[in-house]
Amino acid sequence: MANEHSPLLVHGVYSMMGDAEDSRGGSAVTGEGSPKSNPRKLNTFFGVMVPTILSMFSIVLFLRTGFVVGQAGLLHGLLMLCVAYFIISLTILSICAISTNGAVEGGGAYFMISRSLGPEFGGSIGLMFYLAKVCACGVYVLGLVEAILDVFGKDPGSAVSHGLRVLPQGYWYTVLYSSVVLLLCLVVCLVGAHIYAKASFIILLVVTVSLISIIISPLIVSPQRFNITHTYGTNHSVTVNPSYTGFNGSTLKNNLAPRYSLDYSTNTVMSFATVFAVMFTSCTGIMAGANMSGELKNPSESIPKGTIIAVSYTFSVYLLLFLLLSSTCDRSLLTNDYAVFQRVNIWPPLVTIGVYCASLSAAMCCMIGASRILHALALDQLFGLPLAPAAVTSSSGNPWVSVLYTWGLVQCTLFAGQLNVIAGIVTVFYLLAYAAVDLACLALEWASAPNFRPTFQFFSWHTCLLGIVSCVVMMFVINPVYSSASIVLLLLLLLILHYRSPTSSWGYISQALIFHQVRKYLLMLDSRKDHVKFWRPQVLLMVANPRSSSQLICFVNQLKKGGLFVLGHVQIGDLDLLPSDPVQPQYNFWLSLVDKLGVKAFVDLTLSPSVRQGTQHLLRITGLGGMKPNTLVLGFYDNCYPEDYFLQDPVFCEGDRGEGDNFGVDLPSLQAHFPLVRHAESPRTLQPEEYVSIILDAIKMGKNVCLARYFFQLPPDSKGVTCIRGNESVDTIDVWPTNLLSPDSGSYADVCSLFLLQMACVLNMASRWRRARLRIFVCVESESGDQGWLAKEEQFRELLGKLRIRASIKIVPWDNVARMFRAQSSERQKVSEDFLCAVNALLKEHSSPASVRFLYLPHPPSSSDSELSQQYLSQLDALTRDLGPALLIHGVTPVTCTEL
């Protein structure tokens, strides 16, 4: 247990204290005490800025910028650019906030989402983000092959090679070339991310030189016309003669408005949504730096700074190129040639080299990022055996098995054959991942957790919520089918992970949100506004040993009717004489017991010198606000020896005994924690006068009291009763609303009697008791000359009708019993054994087939005299002896209502 000498609690690979232990298992020390080489070597520029810039430029910059301007026009193109960057800017704010709120391990966005939203949501979004990276890698590889074929591919209309055009074209050739390129990416990724990081700077220099040549080309290249031929099908070809005009006002004017037309590569008519899907692919690289979090020296500082700078730079470049193309190129040239930058460049090979470098870099970045996400998923063991091999790493820390997994999946995406075909899928998956990041940040902000203190402050819940809405809306604008399918896949993964119940020590945002909302609603739940119409049982069940009272726990769980249910236990002891509180370590065992029994109950334990004082404490302090116990339930005090429920229920004696729950309590530990049931040699820790005093204390405090006897006779495997109509007998609930120990003082409509009726009715409404018959027994003196009991019976039937209680009334003549009562001593505290036996026989005669019986509990003696207490318990014992499950109830709260 943490104390004042405990070190700073850390859940990251690196802590402020210099701890080098990975929270996901496994120390960073190998061999004979020699530290493992530190994989975190990248700074902000090489680890975040360069990968992000290259991923956002990728193939779209060189091969689709003209396509976007040509199809959408300058105005729609700028609108798409602003909308896309607005969406990713909101997500970037969330990324920066989460990444500056603590140590970030490998896995990037997946790590942030999973540690914020928990394993179910984090695992499902992480897997979908991984698939998005896989598809994006396929997009970049296909784009690179497309650029290669533009230069080296044979003319589709000719079977003869001309110059450099030596590569045959066709679907299977495209797949072949893509596979070769992907194999090259695989080799680089198997070597390690550090080789890519070093090479990426050189690639960035090449891309920058290519961009400079594109920008200065309109100042040098003169206007000219081109002949472009496209083949559709086998026999149909179209030739166009577009022109490059240089800077021209008429060209700019003609390119302002949108003119969506046929895309020559996919042979489909474009629209705002389809063009935006292609254009947004350029914005999906914002997490390239975050995905390298496992290799960054200081991810909390590098991710925000590097991502913001990279996004600002790419936005400026795209804006400049949009203006440049719309001012210098005829629309026909933009829509009929993806490689327009090469045609109008001062030295076309420079652009070609830039295309190849950017595409190859983006593909490798996606493969590396995806493999890191998969590796993080495998380390967290969320999907079990299928991903277990992906946790394997080389001696240098490179997850080579994850790389192989990713290579295989990307190879499958290459069979799409066209870049534009899978661009929509990539965009939808990325948008869903971005929405999840915004949701994670929103949840952390709304939970108001004290430890959510990001050093990046330029965000609010408004930006997070707007980011979520923007991402979801754009998903459905781009492709409603893909969006719906992705959400269905997300829900399916959520269900799988929820039922797998993976172990997690990350903390659950759901618990923080629930706490926040419950606190708010508890403040609104004003006990002064309570009304009898909406009364429900709120039960404190005192449990000495759950081994002997588990059936009663399950029964009370059905009796609570959606109210508060608390299991209370008193540990005898004095904190002054103990080194530490012995109660706190017990909570996990009790909560695991609650899970095993499948009941909806809280647990409240206390340390006290006596059971009576401990029960008083729990009655006073258990619950909050308007949710406090109003009913105390106790097991019956008798001399019979209890049975061990743990030996009867298969849940406690079968299954994998070595497997613990998510909180470290396995079945042997649970059984060992609770002592064996009391036997003949065991002393009683609770004396009769103390037990009766507990009942009296509860009544003084305005609590209703229930004493439960023989509930161990309920079937252990049913946790209640499932009734079956037909040939089998229907279960019954019997109610005796008369004070059987005082026939002359009983009333069928006093507070206690009505409380009995209400509790029986509540049980009858529980799902497992819904088919049980409710029977109410009215005891009358039928042989007396006074026929007033007939009028009382009619009044009682009328009362039941007003209370909407469906029950059959059984008239029980008890003249002999009443005469025995009047014939005994005038000392009402003392009743004869013959009278008690007669009442017990009456109960057995009429209620022996019942499943459970509700009996009137007389008021206990006001004095704490030991003899009176023993006498009171003896009377209750004789009254209910061998009767079966019975609940003796003394109600002090008005609970029934005839109003609407």
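Conventions we followed
Residues numbered from 1 in each chain as written. Predicted model: local features only at pLDDT ≥ 70, side-chain atom pairs only at ≥ 80, totals over all residues. Heavy atoms only, no water. pLDDT = per-residue confidence, 0-100. Contact = heavy atoms within 4.5 Å. Pairing = 2+ DSSP bridges. Helix = DSSP H or I, 4+ residues; strand = E, 2+ residues; numbered from the N terminus. Axes fitted to C-alpha atoms, helices over the stretch in contact; angles between N-to-C directions. Core = buried A, V, L, I, M, F, W, Y, C linked by side-chain atoms within 4.5 Å. Buried < 20%, exposed > 50% of the residue type's maximum accessible area, 1.4 Å probe, protein only. 1 Å grid on protein atoms, 1.4 Å probe; cavity = no way out; pocket = protein on both sides within 12 Å on 5 of 7 lines; lining within 4 Å. Points joined across faces, edges and corners; volume = space filled by probe spheres on them. Nonpolar A, V, L, I, M, F, W, Y, C, P; charged D, E, K, R; others polar.

## A closer look at the confidence of the model for the protein
In the predicted model, the protein carries a mean pLDDT of 81, and the fraction of residues at 70 or more is 86%. Every residue in residues 1–36 is under pLDDT 50, and counting partners more than four places away or in other chains gives 40 contacts. Long-range and interchain partners of residues 717–728, a stretch whose pLDDT sits below 50, account for 25 contacts in this model, where long-range means more than four residues apart.

## Describing the sheet that holds strand β9 (residues 539–542)
The mixed open sheet is built from 10 strands, whose spatial order is β11-β10-β9-β12-β13-β18-β17-β14-β15-β16. Two strands lie at the open edges of the sheet, namely β11 (602–608) and β16 (808–813), each paired on one side alone. Strand-to-strand twist in this sheet, taken as the mean axis angle between neighbours without regard to direction, amounts to 25°. Bridge count for β9 against strand β12 (residues 631–635) is three bridges, and the pairing is parallel. For Val539, the partnering residue across the bridge sits in β12 and is Thr631. Contacts between helix α19 (residues 587–597) and the sheet are confined to β10 (565–572) and β11, with β11 contributing the most and set at about 145° to the helix.

## Brief notes about the nonpolar core
Within the largest apolar cluster, 161 residues are counted, with the highest numbers of intra-cluster contacts made by Ile88, Ile286 and Met287. Setting aside residues no more than four positions away along its own chain, Ile88 makes contact with Met56, Phe280, Cys283, Ile286, Val311 and Tyr434. Counting residues in hydrophobic clusters, the runner-up holds 64 residues, among them Val665, Met759, Leu763 and Leu774.

## Describing the environment of Lys253
The residue Lys253 is located in helix α7 (residues 249–254) in this model. Given the relative accessible area of 64%, Lys253 is considered exposed. Separated by 73 residues in the primary sequence, Lys253 and Ser326 place their C-alpha atoms 8.5 Å from one another.

## Here we look at empty space enclosed by the protein
The tally for this structure, following the rule as stated, stands at one cavity of 30 Å³ or more. Forming the walls of the largest cavity are Ile214, Ser217, Pro218, Tyr244, Leu324, Leu325, Thr328, Cys329, Phe341, Val344 and Asn345. Counting residues per element, the ones that place at least two in the lining of the largest cavity are α6 (193–220) and α9 (299–328). A class-by-class count of the residues in the lining of the largest cavity yields eight nonpolar, three polar and no charged.

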